[in-house]
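Below are the chains, spelled out letter by letter.
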Amino acid sequence: MARPTHARIDLDALRHNFRVAKELAGSARLVAVVKANGYGHGAVPVARALVGAADAFGVACVEEALELRESGINAPILLLEGVVTPDELPLVDRHRLAMVVHQREQLEWVQAARPARPLACWLKLDSGMHRLGLAPDAFAAAYAQLAACPAVGDLVLMTHLARADEPQHPYTRLQLALCAEVWQGFAAPRSLVSSPGLIAWPEGIADWVRPGIMLYGASPLGDGHPSAARLRPVMTLESALIAVRDLGPGEAIGYGGRFVCARPTRVGVVAAGYADGYPRHARDGTPVAVAGRPTRLIGRVSMDMLTVDLTDLPQAHIGDRVELWGGQVSANAVAAASDTIAYTLFTGVTGRVPLVYEGAAE
């Protein structure tokens, strides 16, 4: 019998979340971001489910783009980190990829290229993220060079917002104002927002938007934001109870004895641990659901197992389904109890956890 740990991927929920993003975007075109193996959901099945709806797909690197092309995805694909070396430009040309240009070296590589067809380039401004992008005082010259370059076709202006998930923070407004100033007079289409900006900063919505985490059902602004109620979780990580035991007051559970029973405690052992992608640093009290009923994690997470409190679930027994996150247990809540974010939960699910798809690609 197979180990009971698996992740169910609801493609209908994915399409629902895309429709929410599309509604927020209005007339803007959407780059569905499927980098990091579709945020752990499987890049190819996710892209196939959104073919015909998404205007383009966003990936981090050439390798991720080629996986989509080899699976038959012919839609536009954007390399969000651009090319790493000039040797990748022939692949960009051959597979009709769009690429971000975020530094002087990439600009020089494009100028020296002799592609069979003009390259689609997204010129990135560092408006305050200070990670990738050209400085404001270097942007106009770079734009002029790309616009005049015979190797360049479509040209899009882009930036990335550093604090869009903090709706009350003034930094995003400063970034938006800087973009408006630097880009004044440029005729090219623009792209400023990803998921948090799309949700919280409608004034940043321009010609293109780049939704990522919201497609997978987690609000980047947390469960308390109204956006969370509109999104449907796509991934449900689940397993089963493999052992049940009773412990008395004063007994400690797991490595390091972190949790000590304050009362007679019924303990369930679940066949999932940090080797499956469940966060090792999840605290006691992290929400879990057993047989559809809420309970909590108790004790330190092990490599292949974790322990849950069944004291108030007297009917729970070996073989019962355990939801670690999904429709009943919020991934954001698990992440908050683990001092991380939902992104790391989804992308951390390991290769030994089978992905089981529901809702065929349309």
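Everything numeric in this text was worked out from a predicted model, so none of it was measured.

Scoring rules and cut-offs
- Residues numbered from 1 in each chain as written.
- Predicted model: local features only at pLDDT ≥ 70, side-chain atom pairs only at ≥ 80, totals over all residues.
- Heavy atoms only, no water.
- Helix = DSSP H or I, 4+ residues; strand = E, 2+ residues; numbered from the N terminus.
- Buried < 20%, exposed > 50% of the residue type's maximum accessible area, 1.4 Å probe, protein only.
- Contact = heavy atoms within 4.5 Å.
- Areas by Shrake-Rupley, 256 points an atom, 1.4 Å probe, with all protein chains shown as cover.
- Lys, Arg positive; Asp, Glu negative; His and termini not counted.
- Charge placed at Lys NZ, Arg CZ, Asp CG, Glu CD.
- Salt bridge = Lys/Arg side-chain N within 4 Å of Asp/Glu carboxyl O.
- Right-handed = clockwise from strand over helix to strand, strands pointing away.
- Pairing = 2+ DSSP bridges.
- Core = buried A, V, L, I, M, F, W, Y, C linked by side-chain atoms within 4.5 Å.
- Axes fitted to C-alpha atoms, helices over the stretch in contact; angles between N-to-C directions.
- Parallel < 35°, antiparallel > 145°, perpendicular 65-115°, else oblique.
- Left-handed = near helix turned anticlockwise from the far one by under 90°.
- Nonpolar A, V, L, I, M, F, W, Y, C, P; charged D, E, K, R; others polar.
- Expected span 1.5 Å × (residues − 1).
- Polar contact = N/O pair within 3.5 Å; in protein donor to acceptor, adjacent residues only side chain to side chain.
- Disulfide = S-S within 2.5 Å.

Novice: Can you walk me through the overall build of the chain in this structure?
Specialist: Within the chain, the secondary structure is distributed over twelve helices and 18 strands. Along the first, second and third principal axes, the C-alpha atoms of the chain reach 75 × 45 × 35 Å. Considering the chain as a whole, with its 362 residues, one finds that 52% of them fall into the buried category. Excluding contacts between residues fewer than 6 apart, the proportion of contacts in the chain whose partners are at least 24 apart in sequence is 65%. Carbon and sulfur atoms provide 54% of the accessible area of the chain, an area that totals close to 15500 Å². Charged side chains in the chain number 33 positive and 36 negative. The centres of these two groups are separated by 2 Å.

Novice: For this particular structure, what's the right way to read the pattern of salt bridges?
Specialist: Oppositely charged side chains can pair when the atoms bearing their charge come close. If you walk through the whole model with that rule in mind, you get 18 salt bridges. Linking Asp-284 and Arg-258 is a salt bridge whose minimum nitrogen-to-oxygen distance equals 3.1 Å. In this pair, Asp-284 is assigned in the loop between β13 (265–270) and β14 (287–290) and Arg-258 in the loop between β11 (252–253) and β12 (259–260), connecting sequence segments 26 residues apart. Arg-258 sits in the partly exposed class, given a relative accessible area of 31%.

Novice: Please clarify how the pairing of strand β5 (residues 97–101) should be interpreted in this entry.
Specialist: The side chains of a regular strand alternate between the sheet's two faces. Among the five residues in β5, five count as buried, and that is most of the element. Of the two faces of β5, the one carrying Leu-97, Met-99 and Val-101 and the one carrying Ala-98 and Val-100 are both buried. Handedness of the crossover is the feature at issue here: the chain leaves strand β4 (residues 77–79), passes through helix α5 (residues 89–94), returns alongside β5, and the resulting connection is right-handed. Across four bridges, β5 lies against strand β6 (residues 119–124) in parallel orientation. What sits directly across from Val-100, in β6, is Trp-122. Following the chain from β5 across helix α6 (residues 104–112) to the adjacent parallel β6, one finds a crossover that is right-handed.

Novice: Quick question: what am I supposed to make of the nonpolar core here?
Specialist: Nonpolar side chains in soluble globular proteins tend to end up buried together. Phe-57, Leu-68, Phe-139 and Trp-325 are the most contacted members of the largest nonpolar core, which has 117 residues in total. What Phe-139 contacts, discounting residues up to four positions off in sequence, is Leu-123, Lys-124, Leu-125, Leu-134, Leu-157, Val-182, Trp-183 and Phe-186. In terms of nonpolar packing, the next biggest core, distinct from the first, is built from six residues, Ile-253, Phe-259, Cys-261 and Val-267 among them.

Novice: Which parts of the structure should I look at to understand the packing of helix α1 (residues 11–25) against helix α3 (residues 43–50)?
Specialist: A pair of packed helices is characterised by two quantities: the angle between their axes and the separation of those axes. Where α1 contacts α3, the axes come no closer than 10 Å and their chain directions differ by 55°. The angle between α1 and α3 places the two elements in the oblique class. Handedness of the crossing formed by α1 with α3: right-handed. Here α1 contributes Leu-11, Leu-14, Arg-15 and Phe-18 to the contact with α3, which in turn contributes Pro-45, Val-46, Ala-49 and Leu-50. Residue classes in the contact of α1 with α3 are distributed as seven nonpolar, no polar and one charged.

Novice: Please clarify how α1 should be interpreted in this entry.
Specialist: For an α-helix, the turn length of 3.6 residues means that residues three or four places apart are oriented alike. Look at α1: 21 Å from first C-alpha to last across 15 residues, which is about the 21 Å you get at 1.5 Å a residue. Among all positions in α1, only Leu-11, Ala-13, Leu-14, Arg-15, Asn-17, Phe-18, Val-20, Ala-21 and Ala-25 are buried. Its side-chain oxygen 3.0 Å from the backbone nitrogen of Asp-12, Asp-10 forms the N-cap of α1. Positive phi shows up at Gly-26, right after α1, with a value of about 65°.

Novice: Is there a simple way to think about the state of the cysteines in this case?
Specialist: As used in these notes, a disulfide is a covalent bond between sulfur atoms, one from each of two cysteines. Evaluation of the coordinates by the stated rule reveals zero disulfides. In this structure Cys-61 is a free cysteine whose sulfur lies 18 Å from that of Cys-121, the closest cysteine sulfur available. Overall, the relative accessible area of 22% leaves Cys-61 in the partly exposed class.

Novice: Whenever I open this one, the pairing of strand β3 (residues 56–59) confuses me. Can you help?
Specialist: The side-chain alternation of β3 yields two buried faces, one formed by Ala-56 and Gly-58 and the other by Phe-57 and Val-59. In the sheet, strand β2 (residues 29–33) pairs with β3 via three bridges, with the strands oriented parallel. Looking at β3, one finds that Val-33 is bridged to Gly-58. In terms of strand pairing, β3 meets β4 through three bridges, oriented parallel. Note that in β4 the partner of Val-59 across the bridge is Leu-79. Handedness of the crossover joining β3 and β4 through helix α4 (residues 62–70): right-handed.

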